[in-house]
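Structural description and commentary
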Amino acid sequence: MSPHSLPTKFVLTACAASMAETVTFPLDLTKTRLQIQGEAVDRFYKTAKPYRGMLKTAIGIVKEEGVFKLWQGVTPAIYRHIVYSGVRMVAYEQLRDSLLKRNADGYFPLWKAVLGGMLSGALGQFFASPTDLVKVQMQMEGRRRLEGKPPRIHGVYHAFVKILSEGGIRGLWAGWIPNVQRAALVSLGDLTTYDMVKHFLLRNTTLKDSSLCHGLSSICAGLVAATMGTPADVIKTRIMNQTRDKQGRGLLYTSTYDCLKQTIKREGLLSLYKGFLPIWARMAPWSMTFWLTFEQIRKLTGINSF
């Protein structure tokens, strides 16, 4: 197998993404707990926890559920990134180098980078949606127990079986529309920003194609991705976490627009950026860990820098 083959690039991407996901997963769990707070369903449970900030939420999880609960749902999260990151990175690189193509001078125009980033992110997330659904539901199990609610799932396998039994194959893609919308925006912010900033620095500064250049590019990528992706992430999380009837239809929200409308009406416009701090605080180290690891692995295996 050629070191430049698509399967090789997919595997290298999966390794880098798994490393980044494991390191930063507690921040993702904290973000998810913050975003779910305020939903209408909470008004029916007197034991529901009050609003808490990022730090207090994390400390509360450790005190009330145990430190290892910070990694509850990490297994499907890693599965998700193996699929999502693997597909989107390979797809973007193929779009950039083979389909959309660079200009004669080697420059990749911004509009092409935007299109490539959004298409690759959407494609990767569509395939990864079932694992994302399981991850979100597993992350909320600890909170359900504290509220006196019966557990819905008891592990990754049970979650998949339960979803299939209640909603069929279609149920595995519950919330896929806001999921894909968010992924397109996040990929635009992360992948496109990294690619454009990195090559801008290489063309217009004295920086070499080194870890410093990769690190600066990843910092910009994480900030832009968090800013663009947070509203869609809030909607996506709420739709995926809601209870469903036997036909797989949500009991709280009927559509992406309905969830958006209810959230703004009940909690205000700024609620769409609920969890922004933990999202950004997670995306920044995730982006840096991923891109530094990804670039180094490519270098070690003889593949050109991204």
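Fair warning: this is a prediction, and the values are worked out from it, not measured in the lab.

What counts, and at which threshold
- Residues numbered from 1 in each chain as written.
- Predicted model: local features only at pLDDT ≥ 70, side-chain atom pairs only at ≥ 80, totals over all residues.
- Heavy atoms only, no water.
- Helix = DSSP H or I, 4+ residues; strand = E, 2+ residues; numbered from the N terminus.
- Buried < 20%, exposed > 50% of the residue type's maximum accessible area, 1.4 Å probe, protein only.
- Contact = heavy atoms within 4.5 Å.
- Expected span 1.5 Å × (residues − 1).
- Salt bridge = Lys/Arg side-chain N within 4 Å of Asp/Glu carboxyl O.
- Axes fitted to C-alpha atoms, helices over the stretch in contact; angles between N-to-C directions.
- Parallel < 35°, antiparallel > 145°, perpendicular 65-115°, else oblique.
- Left-handed = near helix turned anticlockwise from the far one by under 90°.
- 1 Å grid on protein atoms, 1.4 Å probe; cavity = no way out; pocket = protein on both sides within 12 Å on 5 of 7 lines; lining within 4 Å.
- Points joined across faces, edges and corners; volume = space filled by probe spheres on them.
- Nonpolar A, V, L, I, M, F, W, Y, C, P; charged D, E, K, R; others polar.

Here we take up the overall build of the protein chain. For the protein chain, the count of helices and strands is ten helices and zero strands. Helices (α) and strands (β) of the protein chain occur, in sequence order from the N terminus, as α-α-α-α-α-α-α-α-α-α. Within the protein chain, the proportion of its 306 residues that are buried is 51%. Nonlocal contacts in the protein chain, meaning residues at least 24 apart in sequence, comprise 77% of its contacts between residues at least 6 apart.

This next bit is on helix H10 (residues 276-300). Taking 1.5 Å as the rise per residue, H10 with 25 residues should run 36 Å; its terminal C-alpha atoms sit 35 Å apart, in good agreement. Inspection of H10 places Pro-278, Ile-279, Arg-282, Met-283, Trp-286, Ser-287, Phe-290, Trp-291, Phe-294, Glu-295, Ile-297 and Arg-298 among the buried residues, and these make up the whole buried set.

Once that is clear, we can look at the pattern of salt bridges. If you walk through the whole model with that rule in mind, you get 14 salt bridges. Between Glu-93 and Arg-298 there is a salt bridge, with its nearest N and O atoms 2.8 Å apart. Residue Glu-93 is found in helix H3 (residues 74-99), and its partner Arg-298 is found in helix H10; the two are separated by 205 residues along the sequence. When the shortest N-O distance is used, the salt bridge between Lys-198 and Glu-295 registers 2.9 Å. Residue Lys-198 is found in helix H7 (residues 176-204), and its partner Glu-295 is found in helix H10; the two are separated by 97 residues along the sequence. Beyond isolated ion pairs, a larger network of salt bridges with shared partners links Lys-9, Glu-93, Arg-96, Asp-97, Arg-102, Asp-195 and Arg-298.

Our next topic: the packing of helix H8 (residues 211-241) against H10. Two numbers describe how H8 lies on H10: the axes approach to 7 Å, and their chain directions differ by 140°. Between H8 and H10, the angle is such that the two are oblique. For H8 against H10, the interelement crossing comes out right-handed.

Glancing now at the layout of surface pockets. Reported here for the largest pocket is a volume of approximately 440 Å³. Considering the residues around the largest pocket, the lining is formed by 20 residues, among which Arg-170, Ala-174, Gly-175, Arg-244 and Thr-254 are closest to the centre. For the lining of the largest pocket, the secondary-structure elements that each account for two or more residues are helix H6 (156-171) and H7. Here the lining of the largest pocket is built from residues that sort into seven nonpolar, ten polar and three charged.

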